[in-house]
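Observations on the model geometry
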Amino acid sequence: MTVAGIGPGNPKYLTLEVKEAIEKAQCVLAFGRVSSSLKSIRTDFIEVSRVDEIVGYAHQYEDLLLLASGDPNFYGIVEFLKRKEVAIDGVLPGISSFQYMMSRLEKSWQGAQFLSLHGREESLDTIGDHGLIILLTDKDNRPSLISKKLGQLGKKGRMYVGFNLSYEDEKIIKANIGEEIEDVSNLSVVVIENEMD
Ligand SMILES: C[S@@+](CC[C@H](N)C(=O)[O-])C[C@H]1O[C@@H](n2cnc3c(N)ncnc32)[C@H](O)[C@@H]1O
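The sections below set out a description of the structure shown in this document. (Residues numbered from 1 in each chain as written. Predicted model: local features only at pLDDT ≥ 70, side-chain atom pairs only at ≥ 80, totals over all residues. Heavy atoms only, no water.)

Following the sequence through the fold, S49 ends up in the loop between β3 (46–48) and α3 (51–60). Sequence separation between S49 and L65 is 16 residues; the distance between their C-alpha atoms is 16 Å. (Helix = DSSP H or I, 4+ residues; strand = E, 2+ residues; numbered from the N terminus.)

Right, here's the structure in full:
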């Protein structure tokens with residue numbers, strides 16, 4: 001199986017290599033959001049809704065392309081497949097959602113601390129020593145709650161939230177840590193500029 005990153009979602013951000021791989025592959029697996037945004041390239045995606053399902057297909061087909069959001073090696077599917085001992089023939093890189101977000105904000109990201117709350121329980125206490133934190137969220141770990149929790153921890157600084165990045169309904173908002181944030185979607189990246197003493 002080959003794993004390919006599709007970037008933040010809008011087909012404009014596919015690499016040429018990934019676009020060609022999608023066109024040529026015998027069978028393409030994709031999650032719902034990923035497949036619906038790429039209908040202009042191909043329509044016969046096999047939609048999956050749970051990561052476990054991928055393992056079953058990997059045993060069924062030899063020439064399989066699996067599409068992952070952003071870059072597959074950034075809090076992505078590659079780690080999971082390796083744990084399940086699924087043979088990977090190659091990984092095609094994609095633009096990560098956070099790279100897209102930082103370009104929109106026109107901010108450098110070297111030296112940032114990365115954290116994913118996507119389907120994970122992670123503590124926000126650890127961000128004390130970092131000036132720049134980039135966070136992946138999910139429907140439970142929402143920007144509004146992150147702002148509230150950081151405020152309760154006594155953190156100060158700026159927060160930037162990018163919802164539905166690269167899609168037509170993309171929305172980027174700025175707030176101070178602790179302020180109320182409207183969660184306009186379950187898909188978001190949070191960037192924190194932490195004021196340290
Ligand atoms: C399982 S992680 C995969 C991250 C992916 N490998 C990457 O490089 O962006 C999914 C999380 O990435 C973020 N994400 C992916 N695409 C996004 C988009 N278009 N807009 C906002 N956040 C996005 C969200 O935090 C989402 O919950």
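After presenting the structure, the write-up continues.
Let us look at the pattern of salt bridges. Opposite charge on two side chains allows them to pair when their charged atoms are near. Across all of its chains, the model carries 6 salt bridges by this definition. In this structure, the salt-bridge partner of R42 is D44, at a minimum N-O distance of 2.5 Å. Residue R42 is classed as buried on the basis of its relative accessible area of 12%. Assessed through its relative accessible area of 45%, D44 is described here as partly exposed. Residue D183 is joined to R142 by a salt bridge in which the shortest nitrogen-to-oxygen separation is 3.4 Å. (Salt bridge = Lys/Arg side-chain N within 4 Å of Asp/Glu carboxyl O. Buried < 20%, exposed > 50% of the residue type's maximum accessible area, 1.4 Å probe, protein only.)

This part covers the nonpolar core. Core analysis: the largest hydrophobic core is formed by 17 residues, its most contacted members being M1, V3, L29, I54, L66, I77 and L81. Taken together, the elements giving at least two residues each to this core come down to β2 (27–31), β3, α3, β4 (64–68) and α4 (77–83). Per-element accounting of this core gives the leading share, 4 residues, to α4. The residues touching V3, leaving out its near neighbours within four places in the chain, are L66, A68, P72, I77, V78, L81, I88, G90, V91 and L92. (Core = buried A, V, L, I, M, F, W, Y, C linked by side-chain atoms within 4.5 Å. Contact = heavy atoms within 4.5 Å.)

This part takes up the side chain of S188. By the element assignment, S188 lies in strand β10 (residues 188–194). Within polar-contact distance, the side chain of S188 engages the side chain of T137 at 2.8 Å. When near neighbours in sequence (up to four residues on either side) are disregarded, S188 contacts L135, L136, T137, P143, V161, G162 and F163. (Polar contact = N/O pair within 3.5 Å; in protein donor to acceptor, adjacent residues only side chain to side chain.)

On to the packing of aromatic side chains. Inspection of the entire model under this criterion finds 8 aromatic pairs. Measuring from ring centre to ring centre gives 6.4 Å for Y57 and Y61, while their planes differ by 25°; the resulting arrangement is stacked. When the ring of F74 is compared with that of F98, the centres are 4.8 Å apart and the planes differ by 50°; the resulting orientation is tilted. Of the two residues, F74 is situated in the loop between β4 and α4 and F98 in helix α5 (residues 97–105); the sequence distance between them amounts to 24 residues. The class of F74 is buried, set by a relative accessible area of 19%. Residue classification places F98 among the buried positions, given a relative accessible area of 5%. Here the aromatic residues F74, Y75, F98, W109 and F114 are joined through ring pairs into a cluster of three or more. (Phe/Tyr/Trp six-rings, centres within 6.5 Å; stacked < 30°, edge-to-face > 60°.)

To continue, consider the sheet that holds β3. Sheet architecture is open: 5 strands sit in the order β3-β2-β4-β1-β5, paired in parallel fashion. Taken across any chain shown, the strands that pair with only one partner, and hence form the sheet edges, are β3 and β5 (90–92). Geometrically, the sheet is characterised by an average inter-axis angle of 25° between neighbouring strands, direction not taken into account. Sheet topology places β2 next to β3; 3 bridges connect them, and they run parallel. Opposite L29, over in β3, you have I46 as the bridge partner. (Pairing = 2+ DSSP bridges. Axes fitted to C-alpha atoms, helices over the stretch in contact; angles between N-to-C directions.)

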